[in-house]
Structure formats: C-alpha cells, structure tokens
Amino acid sequence: MMLPTIHMNGTSGRALLEGYCDAISAIHAALDALARAAPNGRDYYPQGPDACALADGEHDARKQALMKVLNELQVLAEHVADRQK
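Quick look at the structure, then. Predicted model, so just to flag it, every value in this text is computed and none were measured.

### Here's the deal with the overall build of the protein chain
Phase 1 of the analysis: Each helix and strand in the protein chain was counted, giving 2 helices and 0 strands.
Phase 2 of the analysis: Here the C-alpha radius of gyration of the protein chain, 19 Å, is well above what a compact globule of 85 residues would show, namely 12 Å.
Phase 3 of the analysis: Taking the principal axes of the C-alpha coordinates as reference, the protein chain spans close to 60 × 20 × 20 Å.
Phase 4 of the analysis: Buried residues in the protein chain amount to 21% of all 85 residues.
Phase 5 of the analysis: In the protein chain, the proportion of contacts linking residues at least 24 apart, taken out of those at least 6 apart, comes to 75%.
Phase 6 of the analysis: For the protein chain, the exposed surface amounts to about 6200 Å²; the carbon and sulfur share of it is 55%.

Here it is in structure tokens:
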C-alpha cells in the first residue's frame, strides 16, 4: 500500500487525517446499513434449497469488501497520525 508523504508542498497531515477519519466513519455507517439489509430466508426459499445460502454468501462478500477498505483506511490514518506527533 502506498502511504502518503507529508511535506510542505502536499496536503497537510491534519487534512489527510480528517479525510481518512471521515471515510472511516462513512464505512462504519455503510456496514451498519448493510447489516440491516441482510438476507432473510423467507425472501429466497421459493428459489430452491440453496438460494438463501447463496444470498448469505454474497452478503458476506459485500461485508468483506467494505472491511478491506476500512482496514486500508485505518492503516493510512494511523500512518498519518504517527507523523503528527
């Protein structure tokens, strides 16, 4: 992962950190919304015995995709925060 270099001609560390923290908060909100949109078996059983499991797997993949981005943003935020000390 490319980590930013904080220097005079670039974005300030404070602005970088605020941006990463805002994005982290937004992903937490997205994860909460995604949890509320979890598949309900009653919506899938007419499609066959494997339908709900497939929907659950797809839902989990969406959650994992968000978690991957969240983890990357946390690394970036920690990197910038460490340089602010």
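We are not done yet, so read on.
### So, the environment of Leu70
Phase 1 of the analysis: Looking at the secondary structure, you find Leu70 in helix α2 (residues 51-83).
Phase 2 of the analysis: Residues Leu70 and Asn9, spaced 61 residues apart in sequence, show a C-alpha to C-alpha distance of 27 Å.

### Observations concerning the nonpolar core
Phase 1 of the analysis: In this structure, Leu16, Tyr20, Ile24, Ile27, Leu31, Leu70, Leu73, Leu76, Ala77 and Val80 together form the largest nonpolar core, which totals 10 residues.
Phase 2 of the analysis: Elements that contribute at least two residues to this core include exactly α1 (13-36) and α2.

### As for a nonpolar patch on the surface
Phase 1 of the analysis: Taken together, the side chains of Met1, Leu3 and Val75 define a hydrophobic patch exposed on the protein surface, amounting to about 270 Å² of accessible area.
Phase 2 of the analysis: Tracing the sequence through the fold places Val75 in helix α2.

### Description of α1
Because each turn of an α-helix spans 3.6 residues, side chains separated by three or four positions in sequence point in the same direction.
Phase 1 of the analysis: Given a rise of 1.5 Å per residue, 24 residues ought to cover 34 Å, and the 35 Å separating the end C-alpha atoms of α1 matches this to within 8%.
Phase 2 of the analysis: Taken together, the buried positions of α1 are Gly13, Leu16, Tyr20, Ile24, Ile27, Leu31 and Leu34.

### Brief notes about the side chain of His79
Phase 1 of the analysis: Relative to the helices and strands, His79 resides in helix α2.
Phase 2 of the analysis: Setting aside residues no more than four positions away along its own chain, His79 makes contact with Leu3 and Pro4.

### Brief notes about the pattern of salt bridges
Phase 1 of the analysis: Enumeration over the complete set of coordinates arrives at 2 salt bridges.
Phase 2 of the analysis: The salt bridge partner of Glu18 is Arg14, with a shortest N-O separation of 3.1 Å. In this pair, Glu18 and Arg14 both sit in helix α1, 4 residues apart, roughly one turn of the helix.
Phase 3 of the analysis: Its salt-bridge partner being Lys68, residue Glu72 comes within 2.6 Å of it at the nearest N-O pair. Taken together, the residues Glu72 and Lys68, both in helix α2 and 4 residues apart, mark about one turn of the helix.

Cut-offs applied
Residues numbered from 1 in each chain as written. Predicted model: local features only at pLDDT ≥ 70, side-chain atom pairs only at ≥ 80, totals over all residues. Heavy atoms only, no water. Helix = DSSP H or I, 4+ residues; strand = E, 2+ residues; numbered from the N terminus. Rg over C-alpha atoms; globule rule 2.2 N^0.38 Å. Buried < 20%, exposed > 50% of the residue type's maximum accessible area, 1.4 Å probe, protein only. Contact = heavy atoms within 4.5 Å. Areas by Shrake-Rupley, 256 points an atom, 1.4 Å probe, with all protein chains shown as cover. Core = buried A, V, L, I, M, F, W, Y, C linked by side-chain atoms within 4.5 Å. Patch = residues over 30% accessible without salt bridge, like charges linked within 9 Å, V, L, I, M, F, W, Y side chains within 5 Å. Salt bridge = Lys/Arg side-chain N within 4 Å of Asp/Glu carboxyl O. Expected span 1.5 Å × (residues − 1).

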